[in-house]
Amino acid sequence: MNPNIAIEIERRKHLEMMDAFPMIAILQGALAALVLCVTVLNYGLSNQTVIWAGLFVCVISARYIVDRSLRPRIDTHSMHKSYWLTLLTTRSLIGFVWSLGSIWYIQLAPEHNLLSTTIWCTALAFAGTIFHINSISALQVYFWSLILPLVVYFSIGLERLFEAFILVLCGVIYVSLYTRILHNKAIKRIAEEIEKEQLIRQLSEANHSIKALAEQDALTELKNRTYFNQKIETVWQRSKEKRQDLCVILFDIDHFKPFNDNYGHVSGDKALRKVAKRLKAIDLEAEYSFFARVGGEEFVAVLPNTRLDKAISIAELIRFDIENAAIVHQYSSCADVITISAGVAISTSEQASSIIEMMEQADKALYLAKEGGRNQVAIFAPKEQPHLVELQVQPS
C-alpha cells in the first residue's frame, strides 16, 4: 500500500471513532439511566449506585475531553506513545465502569440478577466493539476491560468457572476472528474512500489543466483568442453592473510580415515569445485584467475598472517596454528594433457601447497609430475624434 495512503488511513480511522463518540455517549447514557432507574426502583438508592453514576459521568467526560484535546494531534500526525496510551485508557475505563456496575448489581441479588446482568453486559461488550472497529487496539482494550473483571468475579466470587470459561472463549473467538474481518472491511472502506477522493482530485486537476491549455496560446503562453472571446463577455457584464469604465488596448507588432519574410518564421516565433515575456512582466493592476494574443502578431489588453488616462499610460508602458527589449528588426520603417502600435478605446458607465463597437473603436485607433507613423498610441474616446497620444518619456 502507498505509504501516504497508509498514513491517511491511520488518521481517518481514529477521527471516525472520535466523530462517533457523541452517539456512543447518548446511547450509553440512555442505557445507564435505564439501569439506574431499574436499580433504584428495585433496591432503593444506595451508595454504590451513586458512586457508579458518578464514575460513569466522569469516564464519559474524560473521554470527551481527551478526544477533543488529541484530535488536532491526530489530524496533524503528531501523536506520541503517551498520547496513544491516554487515548486507549479512556476507552478501557468506560468498559471497566460498566463491568464494575454489573458486578455490584449482581451482588444485590445473585440468583435473580446474574443472568440478566450477564446478557446485557456481554451485549454491551460485543455491540460496543462496533464503534471501535476501526482500531483493533481500541477495540480490545474496551472489550476486555468490560469482560475480564466479570470473568474474575465469576471465577473467584461466584465460583462459576464454566461460565467464566465460556465468556473468555466467546470473547477470544469474537475478537480474534469476527472483529478482525470487520476491521479489515472498515480499513478497506476508508482506503477506497481515499483512493476515490484522490481520483476525483486528479480528474479535477486534469480538467483544470485541459481548460488552462484550451485557453492558452501555445506559442506565447498568454491567453488565446478563445479565452478573450469568452472572458470579455463576463468582464463587460460586470463593468455594466458595477457601473465601471472598461478599457481595451489593441496593439500589434509593426511590420511583422517583413520580419518573418527576412529573418524566418523560427525567428518570428522567438520574437513573439520575447514580446509575450515582456507583457507578462507588466502589472495591469486592475482586478480581472489580462493580456491575450488574438491574432498572428496582434494582442489585446483588457482593463476593467480603469480610467482612460490610466489605460493610456499602460499602453505607453507596453510600447516603451517592447521597444526597450531591443529585438533587432532592420526591415521596419519606424525603428531598427521591434516596436508596436496601439489603439485604446473605452466604454464608460455613462455611455455603454457594445463590445463589438468598443473593439471597432480600438481597431480604428490602432489604424490611426499606424497611419501616423507607427510605434505610437492612439485613442478613441467618447465625444472625441480619434487622435494620437503624445509620446511619453518613460523612466530608464
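Quantities reported herein were computed from a predicted structural model and do not represent experimental measurements. (Residues numbered from 1 in each chain as written. Predicted model: local features only at pLDDT ≥ 70, side-chain atom pairs only at ≥ 80, totals over all residues. Heavy atoms only, no water.)

Draft legend 1. Main features of the overall build of the chain. What the chain contains, in helices and strands, is 11 helices and 6 strands. Compactness check: the chain gives a C-alpha radius of gyration of 39 Å against a globular reference of 21 Å for 396 residues, more than 25% above the reference. The burial tally for the chain puts 44% of its 396 residues in the buried class. Counting contacts in the chain only where the partners sit at least 6 residues apart, residues at least 24 apart contribute 71% of the total. (Helix = DSSP H or I, 4+ residues; strand = E, 2+ residues; numbered from the N terminus. Rg over C-alpha atoms; globule rule 2.2 N^0.38 Å. Buried < 20%, exposed > 50% of the residue type's maximum accessible area, 1.4 Å probe, protein only. Contact = heavy atoms within 4.5 Å.)

Draft legend 2. Quick peek at the nonpolar core. Core analysis: the largest hydrophobic core is formed by 35 residues, its most contacted members being I249, F251, L279, F291 and I318. For this core, the secondary structure elements donating two or more residues are β1 (246-253), α8 (256-263), α9 (265-280), β3 (298-304), α10 (308-324), β4 (340-347) and β5 (377-380). Top element by residues in this core is α10. It accounts for 7 residues. Apart from residues lying up to four places away in sequence, F251 is in contact with L279, F291, E297, E298, F299, V300, A301, I318, I340, S341, A342 and L366. Among the nonpolar cores identified, the runner-up in size contains 34 residues, and W52, W98, W144 and L150 belong to it. (Core = buried A, V, L, I, M, F, W, Y, C linked by side-chain atoms within 4.5 Å.)

Draft legend 3. The pairing of β5, seen in detail. Along β5, one buried face is formed by V377 and I379 and the opposite face, lined by A378 and F380, is buried too. Pairing of β4 with β5 involves 4 bridges; the strand directions are parallel. Residue pairing for β5: G343 is matched across the bridge by A378. (Pairing = 2+ DSSP bridges.)

Draft legend 4. Structural detail: the packing of helix α5 (residues 136-157) against helix α6 (residues 161-214). Relative to each other, α5 and α6 sit at 170°, their axes nearing to 9 Å. Comparing the axis directions of α5 and α6 gives the class roughly antiparallel. Mapping the contact onto sequence places I136, L139, Q140, F143, W144, I147, V151, F154 and S155 in α5 and L161, E163, A164, L167, V168, G171, V172, Y174, V175, T179, R180 and H183 in α6. By residue class, the composition of the contact of α5 with α6 is 14 nonpolar, 5 polar and 2 charged. (Axes fitted to C-alpha atoms, helices over the stretch in contact; angles between N-to-C directions. Parallel < 35°, antiparallel > 145°, perpendicular 65-115°, else oblique. Nonpolar A, V, L, I, M, F, W, Y, C, P; charged D, E, K, R; others polar.)

Draft legend 5. Broad picture of α9. Taking 1.5 Å per residue, 16 residues should reach 22 Å; α9 reaches 22 Å between its end C-alpha atoms and fits that length. Among the residues of α9, G268, A271, L272, V275, A276 and L279 are the ones counted as buried. Viewed along the axis of α9, the buried residues span an arc of 140°, placing them on a single side of the element. Facing away from the buried side of α9 by more than 90 degrees, the exposed set consists of V266 and K277. Contacts made by the buried residues of α9 are with β1, α8, β2 (290-293), β3 and α10. (Expected span 1.5 Å × (residues − 1). Arc of directions from axis to C-beta.)

Draft legend 6. A look at the packing of aromatic side chains. Here the structure, examined in full by the defined rule, presents 15 aromatic pairs. Joined through ring pairs, the aromatic side chains of W52, F56, W98 and W120 make up one cluster. Taking the ring centre of Y227 as reference, the NZ or CZ of K223 above it sits at 4.7 Å. Over the aromatic face of Y288 sits the side chain of R238, whose NZ or CZ is 3.8 Å from the ring centroid. (Phe/Tyr/Trp six-rings, centres within 6.5 Å; stacked < 30°, edge-to-face > 60°. Lys NZ or Arg CZ within 6 Å of the ring centre and 35° of its normal.)

Draft legend 7. Spatial organisation of a nonpolar patch on the surface. Nonpolar side chains collect at one region of the surface, where F162, F165, I166, L169, I173, L177 and Y178 lie side by side and expose about 700 Å² of accessible area between them. Relative to the helices and strands, Y178 resides in helix α6. (Patch = residues over 30% accessible without salt bridge, like charges linked within 9 Å, V, L, I, M, F, W, Y side chains within 5 Å. Areas by Shrake-Rupley, 256 points an atom, 1.4 Å probe, with all protein chains shown as cover. Salt bridge = Lys/Arg side-chain N within 4 Å of Asp/Glu carboxyl O.)

Draft legend 8. Local environment of the side chain of K13. Position of K13 relative to the elements: it lies in helix α1 (residues 3-43). Apart from the residues lying within four places of it in its own chain, the contact partners of K13 are N134, H183, I187 and I190.

Draft legend 9. Fine view of the pattern of salt bridges. Under the defined criterion, the tally for this structure stands at 21 salt bridges. The salt bridge partner of K257 is D261, with a shortest N-O separation of 3.0 Å. Remark: D261 and K257 occur in helix α8; sequence separation between them is 4 residues, near one turn of the helix. Neither K257 nor D261 differs from the other in exposure class; each is exposed. Here E285 and K310 are joined by a salt bridge, their closest N and O atoms 2.9 Å apart.

Draft legend 10. Broad picture of the packing of α8 against α9. Two numbers describe how α8 lies on α9: the axes approach to 6 Å, and their chain directions differ by 135°. Considered as vectors, α8 and α9 are oriented oblique to each other. Where α8 abuts α9, its residues F256, F259, N260 and Y263 lie against H265, S267, G268, A271 and L272. Considering only residue class, the contact of α8 with α9 consists of 5 nonpolar, 4 polar and no charged.

Draft legend 11. Molecular detail of the pairing of β1. Most of β1 is tucked away, with 8 of its 8 residues classed as buried. Burial of β1 is two-sided: the residues L246, V248, L250 and D252 facing one way and the residues C247, I249, F251 and I253 facing the other way are all buried. Bridge count for β1 against β3 is 7 bridges, and the pairing is antiparallel. Following the sheet pairing, D252 is matched in β3 by E298. As judged from the 8 bridges shared by β1 and β4, these two strands associate in the antiparallel manner. Opposite F251, over in β4, you have A342 as the bridge partner.

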